[in-house]
Amino acid sequence: MADSRVGLVPRLRQWAIGRIRRSRFLPVGMPDKRTDEDRLGRPFNQTVLVYFPNGADALYQLRPWFAALQALDATHGVVAVFKDSRTAAIVRAESGLDCVTLARYGQLDEILALSDVKLALYVNHDPINFECLRFTSLMHVYLGHGDSDKGVSISNQVKAYDFCFLAGQAALDRTRAGVMLYDAPARSVLIGQPQLDAPAPVAAPDPNRRTVLYAPTWEASQPSVSYGSLLTHGAAIMDALAGTYRVIYRPHPLNGVIDPAYGEADAAVRARADRVDTDVPLERSFADADLLITDVSAVTLNWLPGGKPVLVTRPRVPVPPSRLMDTLPLLDEGADVAAVVAEHLTADPTAAARRELLEYYLGDTTPGVATQRFLQACTDAIELRDRTWAEHRALGATGP
């Protein structure tokens, strides 16, 4: 009787865990770890693996890469590995990629041992990436999820990857200057931003007034890089522009995750906006706007190719030094927002200076060029992996 009870307890625990994971009550940011059991014991047939252990609230990091990954899938085959089945289902529906949920590290180990995967791609620096980074038979490449002058864009974590695919010379210079004991030129490949290759949507202007897009970043998990403007500028921007302009608000999906005050400010701004863009691509928001107000973030660089004016809010933490931040107008707390917006919509005084920064930050922005550079960079990495892996196996076979 005692033996049966001992075995019953862990079975009940596993049953309860399974029920919770299958329920709708597990927080969206917490992976449900529901393994795709039918994929166990079977190899991946693809050459490239995208590793994304995060929940659906972080999909803003992966979505911009969908088109480029679809193109890569057509040439080399791509499988995306998740720890959350809900996130995998969303990506599967939106991208058409082969998406697999694996709960435990050992399951990935088992499948890779049967597979001929050669290249692993990552869009963030999540510590859980190391569950995949440990595999020595793969070439590991960091893609990131948008280039910016944020302090967090410089990270010692780049050393974990074989290569980093960067947008332009600005990112390489930033890494070379900020990361010690790291050969940035040798470990970086400049590809531009494939995310910008998508055809721009046809603009849907308001016939009676100009449109301003307010797209702030979140509060950040580190005080030193808290560039978010919701608390310092949000209400003032909405009050100053109300009635005169159509104001589109594009909130960051992580607002309020660290500081509840940001969540409250986000709700207040949503209530005052003419339109809240949460379910449309960034390109749609860009197309409909005549001017952008944003923070120190990747949104700024994505906006540049459109050639329209932009204002960057001045945060309470130091503005990171860069050519871009030295060029763009900074919107101070307490500024006459309406007057500043009117001036830049009318005269756009920084237009020429912004054009001069395009190539430095984004490379060749001719539609399609960045995607082709991405595909070629992946092919080059795969071929380098094959040569290097063959050398290592030969060395292992012959001994030192």
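Here we summarise the structure given alongside this text. Note that this is a predicted model, so its numbers are computed, not measured. (Residues numbered from 1 in each chain as written. Predicted model: local features only at pLDDT ≥ 70, side-chain atom pairs only at ≥ 80, totals over all residues. Heavy atoms only, no water.)

1. Focus on the sheet that holds strand β10 (residues 275–276)
Across a sheet, strands are paired by hydrogen bonds formed along the backbone, either parallel or antiparallel in direction. One open sheet holds the six strands; their spatial order is β10-β9-β8-β11-β12-β13, and the pairing between them is parallel. For this open sheet the edge positions go to β10 and β13 (330–331), each flanked by a neighbour on one side alone. Bridge count between strand β8 (residues 211–215) and strand β11 (residues 291–294): four bridges; the pairing is parallel. Across the sheet, the residue bridging to Ala215 is Thr294, located in β11. Here helix α8 (residues 230–241) sits on the sheet in contact with β8, β9 (246–249), β11, β12 (310–313) and β13, set at roughly 165° to β8. (Pairing = 2+ DSSP bridges. Helix = DSSP H or I, 4+ residues; strand = E, 2+ residues; numbered from the N terminus. Contact = heavy atoms within 4.5 Å. Axes fitted to C-alpha atoms, helices over the stretch in contact; angles between N-to-C directions.)

2. Some details on unusual backbone geometry
Although it is not a glycine, Lys33 adopts a positive phi angle of roughly 55°. Relative to the helices and strands, Lys33 resides in the loop between α1 (2–22) and β1 (48–52).

3. Some details on the pattern of salt bridges
Counting across every chain of the model gives 23 salt bridges. A salt bridge links Asp32 to Arg86; its shortest N-O distance comes to 3.7 Å. Within this pair, whereas Asp32 is found in the loop between α1 and β1, its partner Arg86 is found in helix α3 (residues 85–95), the two being separated by 54 residues in sequence. On the basis of relative accessibility, which here comes to 26%, the residue Arg86 falls in the partly exposed class. Linked through salt bridges whose partners overlap, the residues forming this network are Asp116, Lys118, Arg385 and Asp386. (Salt bridge = Lys/Arg side-chain N within 4 Å of Asp/Glu carboxyl O. Buried < 20%, exposed > 50% of the residue type's maximum accessible area, 1.4 Å probe, protein only.)

4. Overview of the environment of Gln107
Along the polypeptide, Gln107 turns up in helix α4 (residues 105–114). We classify Gln107 as buried; its relative accessible area is 5%. Spatially, the C-alpha atoms of Gln107 and Arg39 are 9.5 Å apart, while their sequence positions differ by 68 residues. For Gln107, the contacting residues outside a window of four places in its chain are Thr35, Leu40 and Leu102. Among the polar contacts made by the side chain of Gln107, one reaches the side chain of Thr35 at a distance of 3.1 Å. (Polar contact = N/O pair within 3.5 Å; in protein donor to acceptor, adjacent residues only side chain to side chain.)

5. Overview of the packing of aromatic side chains
Per the stated rule, a full pass over the model turns up ten aromatic pairs. Geometrically, the ring pair formed by Trp65 and Phe374 is tilted, given 5.4 Å between the ring centres and 45° between the ring planes. Highlighted residues: Trp65 in the loop between β1 and α2 (66–75) and Phe374 in helix α15 (residues 369–398), separated in sequence by 309 residues. The two residues Trp65 and Phe374 agree in class, both being buried. Note on Tyr105 and Phe135: the rings are 5.9 Å apart at their centroids and 25° apart in plane angle, and the pair reads as stacked. Separated by 30 residues along the polypeptide, Tyr105 in helix α4 and Phe135 in the loop between α5 (130–133) and β5 (139–142) bring together distant segments of the chain. (Phe/Tyr/Trp six-rings, centres within 6.5 Å; stacked < 30°, edge-to-face > 60°.)

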